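Breakdown of the fold
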Amino acid sequence: MADRAYFDLDVERRIISRNGVATQFLNMNLQYVRADGAEFFHVNPAQSFTDALRATCDRFRPVSTILILISYEEAKPSVLQLNVLPLLPGLVRIVLFWMRANIEMLDISAPELSVRERAALNLFAAGLRRDRVAHELNISLPTVDMHSRNLRRKLWARTTPEAVEIAGNMQILQT
């Protein structure tokens with residue numbers, strides 16, 4: 001069963017207003033709220049949310065964004081969809097949908113990665129830049145970029161560091 005909630009944020013992620021369902025969601029999921037005199041909405045990966053917030057708050061060409069976050073930290077995984085919508089200059093409305101799922105309902109299996117994609121992923125996770133990844137794997141920079149693009153697509157990530165974070169959460173990085 002999916003639930004709906006909405007709340008309004010300013011550019012600094014401060015929660016300005018919220019409906020009752022949002023209050024219930026935030027009270028049940030304290031990991032999304034940081035308090036420092038005011039309540040701030042916080043999600044991981046933070047960079048993707050920050051980018052979405054900035055794009056939506058753009059005064060001249062605001063862009064709505066949909067982020068889908070899957071939490072693997074609990075006994076029952078959860079799926080959270082954030083619709084980041086322009087409200088007023090400097091304010092956004094977050095409409096969220098969430099679902100707690102049984103493992104059987106949610107396919108949380110690791111995506112199929114090629115041997116080279118896994119190698120590139122592990123090198124990115126070790127902090128290597130793309131030129132160093134190319135050198136280590138003895139491949140060209142366009143090939144590294146192709147592997148990075150494939151990793152982002154397969155892991156539903158917007159950036160390579162986000163793909164590394166998701167892979168870490170899914171426990172598919174080599175240790």
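Structure: above.
Small disclaimer: the values here were computed from a predicted structure and weren't measured.

1. Focus: the overall build of the protein chain
Counting its regular elements, the protein chain contains six helices and seven strands. Tracing the protein chain from N to C terminus, the helices and strands come up as β-β-α-β-β-α-β-β-β-α-α-α-α. Across the 175 residues of the protein chain, 41% fall into the buried class. Sequence-distant contacts, at least 24 apart, represent 49% of the contacts inside the protein chain between residues at least 6 apart. Looking at the protein chain as shown, the accessible area adds up to about 10,400 Å², and 52% of this sits on carbon and sulfur atoms.

2. Remarks on the environment of Y6
Here Y6 is to be found in strand β1 (residues 3-10). Assessed through its relative accessible area of 33%, Y6 is described here as partly exposed. Considered as a pair, Y6 and F97 are 91 residues apart in the sequence and their alpha carbons are 9.0 Å apart.

3. Some points on the pattern of salt bridges
Summed over all chains, the structure comprises six salt bridges. Here R93 and D8 are joined by a salt bridge, their closest N and O atoms 2.7 Å apart. Highlighted residues: R93 in strand β7 (residues 91-100) and D8 in strand β1, separated in sequence by 85 residues. Given a relative accessible area of 7%, D8 falls into the buried group. Where R130 meets D145, a salt bridge forms, and the shortest distance between an N and an O atom there is 2.9 Å.

4. Details of a nonpolar patch on the surface
Where nonpolar side chains cluster on the molecular surface, the patch consists of I66, I68 and I70 and spans about 270 Å² of accessible area. Mapped onto the fold, I66 is located in strand β5 (residues 65-71). Given a relative accessible area of 53%, I66 falls into the exposed group.

5. Brief notes about the environment of V164
Within the secondary structure, V164 sits in helix α6 (residues 160-169). Taking the C-alpha atoms as reference, V164 lies 8.1 Å from N122; in sequence the two are 42 residues apart. Dropping the residues within four chain positions of it, V164 is found in contact with L121, F124, A125 and L173.

What counts and how
Residues numbered from 1 in each chain as written. Predicted model: local features only at pLDDT ≥ 70, side-chain atom pairs only at ≥ 80, totals over all residues. Heavy atoms only, no water. Helix = DSSP H or I, 4+ residues; strand = E, 2+ residues; numbered from the N terminus. Buried < 20%, exposed > 50% of the residue type's maximum accessible area, 1.4 Å probe, protein only. Contact = heavy atoms within 4.5 Å. Areas by Shrake-Rupley, 256 points an atom, 1.4 Å probe, with all protein chains shown as cover. Salt bridge = Lys/Arg side-chain N within 4 Å of Asp/Glu carboxyl O. Patch = residues over 30% accessible without salt bridge, like charges linked within 9 Å, V, L, I, M, F, W, Y side chains within 5 Å.

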